[in-house]
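The residues making up each chain are set out below.
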Amino acid sequence: MSTRGISRGIQHKLIVAVAVSSLGTAFLVGLLTTYILFFSSAHASILAGQVEVMGFMALMPLLTSGSYMGLLMLVVLSMALLTLFMIRPLTRQLRSAAEQLDVITASHERIHELSNYDQLTGLPNWRSLYDQLNLAIDARSDYHQEQVALLFMNLDRFKVINESLGHAAGDQLLIEVANRLKCCLGEQDVLARAAGDEFLILTRVKDRARIEQLASDILAHLHAPFSIAGHQLYVAATIGISVSPDHGEDTDLLLKHADTAMIKAKAQGRNSYQFYSPEMSVISQERFTLEHDLRHAISRGELELHYQAQVLFDEGVPGGVEALLRWHHPTRGMVPPDQFIPLAEESGLINEIGLWVLQQACQQARQWLDSGYPIRVSVNLSCIQLQQDNIVELVRDTLRQASLPACYLELELTESCLLKDFERSARSLRKLRLLGVSLAMDDFGTGYSSLSYLKRLRLHRLKIDRSFVTGLPADQGDLAIVSTIVAMARSLGLEVVAEGVETEQQRISLSQLGCDEYQGYLFSKPLSAGDFGQRFLTAAQVQLSS
């Protein structure tokens, strides 16, 4: 065979070898890349290292061979190894991308958890419950007579516990409450924490009896005491219930109606449940309108103070007056205080309104003082006002602005104010006493009376509630109670004022029992400042109480 023929044969074999090696290399690269993308970039890096070792091991016999085939295999392996070296940076990039993808996935899962679950109890939150309620209403079957019930639950007196024992104890209580609620529910029921001490329960039922049973079970489970931070805590709940389709087939409407029913249940007595009724919406709308009007009552000049005399038994003349708030509504007329005062406290307006009352009363007392009629003015202080951190500063600034000596101002508080945070209340009252302001306990005997409280607070006056005055002098029980209160007050150095005196027989009986002052319609109903001044503030009638 000629040399040219031999060369052509070698060239032919070389071309075939290159083609085969290229296909093999491409296959190897493709296989390695696929493994990286779909399995593990870390494993692919190990595989590449093994291929390198195998390649160098294969070079040793080829380097000793002088054939063209050995040279060809050397070239092919070199190309394969070069390809692997090029793949290495890509492998690192793919690994980094995979790690970033894991971080992004974890972030999305965390965002979903924060968006749909309560971080304290681990329960679904309001948003999650809303979505599930929407799905439940859409999936409800009329054919199977299925109903979707929503229970809106609020803990009673949770705020008092939270403020008294601290937020850590309050949080632990919420966790324990959530655990007890879970015990009352079935597998298909949904329990969610809406906010604060509010919980929502979604259940599917076929009759009303099942809903009533569930509500009763919840109240019974919460009745047992909770052991929190070394204290035995008793918690009650109020539940409002709305049912679809009877109370609406819209998610927002069902939530609104359950909330309305819960508010109604609180008004009728706590630790109970109440189903929604259309009449509640009318009451709720009136309440909303009244609250809206109350927010503008001060700026519109609709509020006014009336004054009722506190009469000295010995002299028969006013020793002081109590300032009583009145609301002249432009369309409703005179709104009773028992309607708008609780509304002001619930809505948070009581601080603004209470400050206005304090300012007006001090200014009026200053006017009477300038006119030659020094008289003590009593102002009711709500529990919410007393809990303000700056209550002492507010009273001091008000006295300063009115240029009124503190001895002409008396602040009245109820026994219930002391239950929320006695130590905090006591500190504020001591500071107010140091200002020179008089302190009185209003409606004494109707709350949780405590002699230790009275001793520590060092008040000036006790006001006997009208409920103990009504039966005098015939009711022996009322006589005994009033006599005991007077004797106790005397031992503590306190004066006694009797409220609600409407008959001469009551006045005589209270005088014989040793009361210092009385207040009621027998002497005068509450009057405007102008009418009170014209009727009583004469040189012969006004005396300064000791």
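Cut-offs used in this document
- Sequence order as written defines the numbering, with residues in each chain counted from 1.
- Local features in this predicted model are restricted to residues of pLDDT 70 or higher, and side-chain atom pairs are both shown and tallied only at a pLDDT of 80 or more, whereas totals for entire chains, interfaces and linings draw on every residue.
- With hydrogens and water set aside, each side-chain value is computed from the structure's full complement of heavy atoms.
- The working definition used for a salt bridge is a side-chain nitrogen of Lys or Arg within 4 Å of a carboxyl oxygen of Asp or Glu.
- The helix and strand labels rest on DSSP assignments: H or I over at least four residues marks a helix, E over at least two residues marks a strand, and numbering proceeds from the N terminus.
- The buried label applies to any residue whose accessible area, calculated with a 1.4 Å probe on protein chains only, is under 20% of its type's maximum; exposed applies above 50%, and partly exposed to all values in between.

1. Structural notes on the pattern of salt bridges
Pairing between side chains becomes possible if they bear opposite charge and their charged atoms approach one another.
Alright, step 1. By the definition in use, this model includes 17 salt bridges.
Alright, step 2. With a shortest N-O distance of 3.1 Å, D118 and R193 are connected by a salt bridge. A residue pair is termed long-range when its members are at least 10 positions apart, and D118 in the loop between α3 (68-116) and α4 (126-139) and R193 in strand β2 (residues 190-195) qualify at 75 residues. Taken individually, D118 and R193 each receive the classification buried, so the pair is uniform in this respect.
Alright, step 3. Close ionic contact of R400 with D397 constitutes a salt bridge, the shortest N to O distance being 2.9 Å. On the criterion of helical spacing, the pair formed by R400 and D397 is a turn pair, its members being three residues apart in helix α13 (residues 391-402).
Alright, step 4. Judged by its relative accessible area of 52%, R400 falls in the exposed class.
Alright, step 5. Exposure remark for D397: the relative accessible area of 33% places this residue in the partly exposed category.
Alright, step 6. Connected via shared salt-bridge partners are R376, E410, R461, E495 and E517.

2. Digging into the environment of R376
Alright, step 1. One can find R376 in strand β11 (residues 376-380).
Alright, step 2. Among the residues examined, R376 registers a relative accessible area of 4% and is labelled buried.
Alright, step 3. The spacing of R376 and A406 is 30 residues in sequence and 9.6 Å in space, taken between C-alpha atoms.

Scope: geometric values only; no functional claims are made or implied.
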